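What follows is each chain in one-letter form.
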Amino acid sequence: MSWSTERLSDDERTLQETLRTTGRLPRHVAVIMDGNGRWAEHHGRPRIDGHREGMESVRDIVKTSSQTGVRFLTLYAFSMENWKRPVTEVNFLMSLLESYIEREIDELHDNGVRLRTIGKTSALPKSVRRILTNAIERTRDNEGLTLTLALSYGARWDLLQAMQMIALDVRRGKVSPEDLTEEMISQYLTTQGLPDPDFVIRTSGELRLSNFLLWESAYAEIYVTERLWPDFRRQDYYRALCDYARRERRFGKTSAQVAADGGKGAEGASDQRTLLDKILHAIR
Ligand code: IPE
Ligand code: IPE
Ligand code: MG
């Protein structure tokens, strides 16, 4: 099914269009998908049902990102620390991942999605690795949304392995310590090639990063919603994107400097914000 020709309500289409034309759409959105267990508990169901329902949110957010024009979407699907969970839950999550790729890969591919992973993927079961490798290979030349799954991912692990590689390259004489730059460090991380996330969303209300993209999120805008991941769907996503569009990213500068750099008058920006608010209200 083609996502770009899907029938959307006029309001939704206008909202997507406006988000795009404001130039205030984050290029890279990263999501800490949290709250599956609590969702299940609230519904009196086993935790795994929460993970299963969470997959429906994944489908919706991937599609909406692609339709709206977000270029990079990174989903924190399984952390290094999640290996400490009961083995039955870990096994279920692995099989869910397998079936997600199997079921979705054709549609992802048809819609130009390029799949990749970050994290210590060598720790994943062989069958999962095989499916992932095939899917990544198949979609490698696609030019639409880059969908990155963080699997067996921990930012400290990534930094540690990068430091080990850098130390080895120094020993081999390939790099000299005084020439090391921030860009070079980024090249050694499993996130290499991805732009830094502009926007980090965390669902379920927890106010922490849980070892996610610590280096890359240095200047990301953070958004936390109480919504549990299985309940987080496109309306919530639009709300988050509108919130992002309203923010001023200063990168250490003053507000006046940012306004001068941006070229857009404060008046135009506030008109756009009002428009976003209006449409968002309409599609609720
Ligand atoms: C997020 O939901 C999914 C993973 C971490 C794999 P949780 O399973 O952490 O849900 P809660 O936090 O227990 O509600
Ligand atoms: C973070 O969620 C990891 C993922 C969303 C995959 P957790 O539920 O594992 O985080 P903590 O342990 O509560 O910080
Ligand atoms: Mg959790």
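A brief structural summary. (Residues numbered from 1 in each chain as written. Chains lettered and ligands numbered in written order. Predicted model: local features only at pLDDT ≥ 70, side-chain atom pairs only at ≥ 80, totals over all residues. Heavy atoms only, no water.)

Over its 12 residues, helix H1 (residues 10-21) runs 16 Å from end to end, which matches the ideal 16 Å to within 8%, given 1.5 Å per residue. All buried positions along H1 are accounted for by Glu12, Leu15, Gln16, Thr18 and Leu19. In an axial view of H1, the angular spread of the buried residues amounts to 165°, which keeps them on one side of the axis. In H1, the exposed residues that point more than 90 degrees away from the buried face are Asp10 and Thr21. (Helix = DSSP H or I, 4+ residues; strand = E, 2+ residues; numbered from the N terminus. Expected span 1.5 Å × (residues − 1). Buried < 20%, exposed > 50% of the residue type's maximum accessible area, 1.4 Å probe, protein only. Arc of directions from axis to C-beta.)

Once that is clear, we can look at the site of ligand 1. Lining the immediate environment of ligand 1, one finds Met33, Asp34, Gly35, Asn36, Gly37, Arg38, Arg47, His51, Ala77, Asn82, Arg85 and Leu93. One of the backbone N or O atoms of Asn36 is found 3.1 Å from an oxygen atom in ligand 1. Bound to the protein, ligand 1 loses 86% of the 380 Å² it would expose on its own. Contributing elements (two or more residues each) for the shell around ligand 1: helix H2 (36-42) and helix H3 (47-68). The residue makeup of the shell around ligand 1, split by class, is 3 nonpolar, 5 polar and 4 charged. (Near = heavy atom within 4 Å. Polar contact = N/O pair within 3.5 Å; in protein donor to acceptor, adjacent residues only side chain to side chain. Areas by Shrake-Rupley, 256 points an atom, 1.4 Å probe, with all protein chains shown as cover. Nonpolar A, V, L, I, M, F, W, Y, C, P; charged D, E, K, R; others polar.)

To continue, consider the sheet that holds strand E2 (residues 72-79). Spatially, the 6 strands line up as an open sheet ordered E3-E4-E2-E1-E5-E6, and their pairing is parallel. The sheet is open, and its two edges are formed by strand E3 (114-118) and strand E6 (221-224), each paired on a single side. Shown here is a sheet whose adjacent strand axes are inclined to one another by a mean of 20°, direction ignored. Bridge analysis of E2 against strand E4 (residues 146-153) gives 7 bridges, and the strand direction is parallel. Residue pairing for E4: Ser79 is matched across the bridge by Tyr153. (Pairing = 2+ DSSP bridges. Axes fitted to C-alpha atoms, helices over the stretch in contact; angles between N-to-C directions.)

Next up on the list: the site of ligand 2. The full set of residues close to ligand 2 is Ile32, Met33, Asp34, Tyr76, Ala77, Phe78, Ser79, Asn82, Arg85, Arg202, Arg208 and Ser210. Note that an oxygen atom of ligand 2 is positioned 2.9 Å from one of the side-chain N or O atoms of Asn82. In the environment of ligand 2, an oxygen atom lies 2.7 Å from a nitrogen or oxygen atom belonging to the side chain of Arg208. Burial of ligand 2 by the surrounding chains reaches 77%, relative to a free accessible area of 390 Å². Element by element, the count of residues in the shell around ligand 2 is highest for E2, at 4 residues.

Turning our attention to helix H6 (residues 155-171). Between its terminal C-alpha atoms H6 stretches 24 Å, which fits the 24 Å expected from 17 residues at 1.5 Å a residue. Among all positions in H6, only Ala155, Asp158, Leu159, Gln161, Ala162, Ile166 and Asp169 are buried. Projected down its long axis, H6 shows its buried positions confined to an angular sector of 165°, all on one face. For H6, the exposed residues set more than 90 degrees away from the buried face come down to Arg156, Met163 and Arg171. For H6, the secondary structure elements touched by its buried residues are E4 and helix H7 (182-188). In the segment just after H6, Gly173 is the residue with positive phi, at about 80°. (Contact = heavy atoms within 4.5 Å.)

Take the nonpolar core next. If you look at the biggest cluster of nonpolar residues, it comprises 52 residues, and the most contacted ones within it are Val62, Leu73 and Leu147. If one sorts the elements of this core by residue count, helix H4 (residues 87-110) sits on top with 10 residues. Contacts of Leu147, omitting those with residues within four sequence positions, involve Val62, Leu73, Leu75, Tyr100, Leu108, Val113, Arg114, Leu115 and Arg116. (Core = buried A, V, L, I, M, F, W, Y, C linked by side-chain atoms within 4.5 Å.)

This part covers the pairing of strand E5 (residues 199-202). Of the two faces of E5, the one carrying Phe199 and Ile201 and the one carrying Val200 and Arg202 are both buried. Where strand E1 (residues 28-32) meets E5, 4 bridges bridge the pair, whose relative direction is parallel. The residue of E5 that forms the bridge with Ala30 is Val200.

Glancing now at the pattern of salt bridges. Counted according to the given criterion, the structure contains 29 salt bridges. Glu221 is the salt-bridge partner of Arg247, the closest N and O atoms lying 3.1 Å from each other. Of the two residues, Arg247 is situated in the loop between helix H8 (234-246) and helix H9 (255-262) and Glu221 in strand E6; the sequence distance between them amounts to 26 residues. Judged by relative accessible area, Glu221 falls into the buried class, the value being 16%. Between Asp236 and Arg227 there is a salt bridge whose closest N-O contact spans 2.8 Å. (Salt bridge = Lys/Arg side-chain N within 4 Å of Asp/Glu carboxyl O.)

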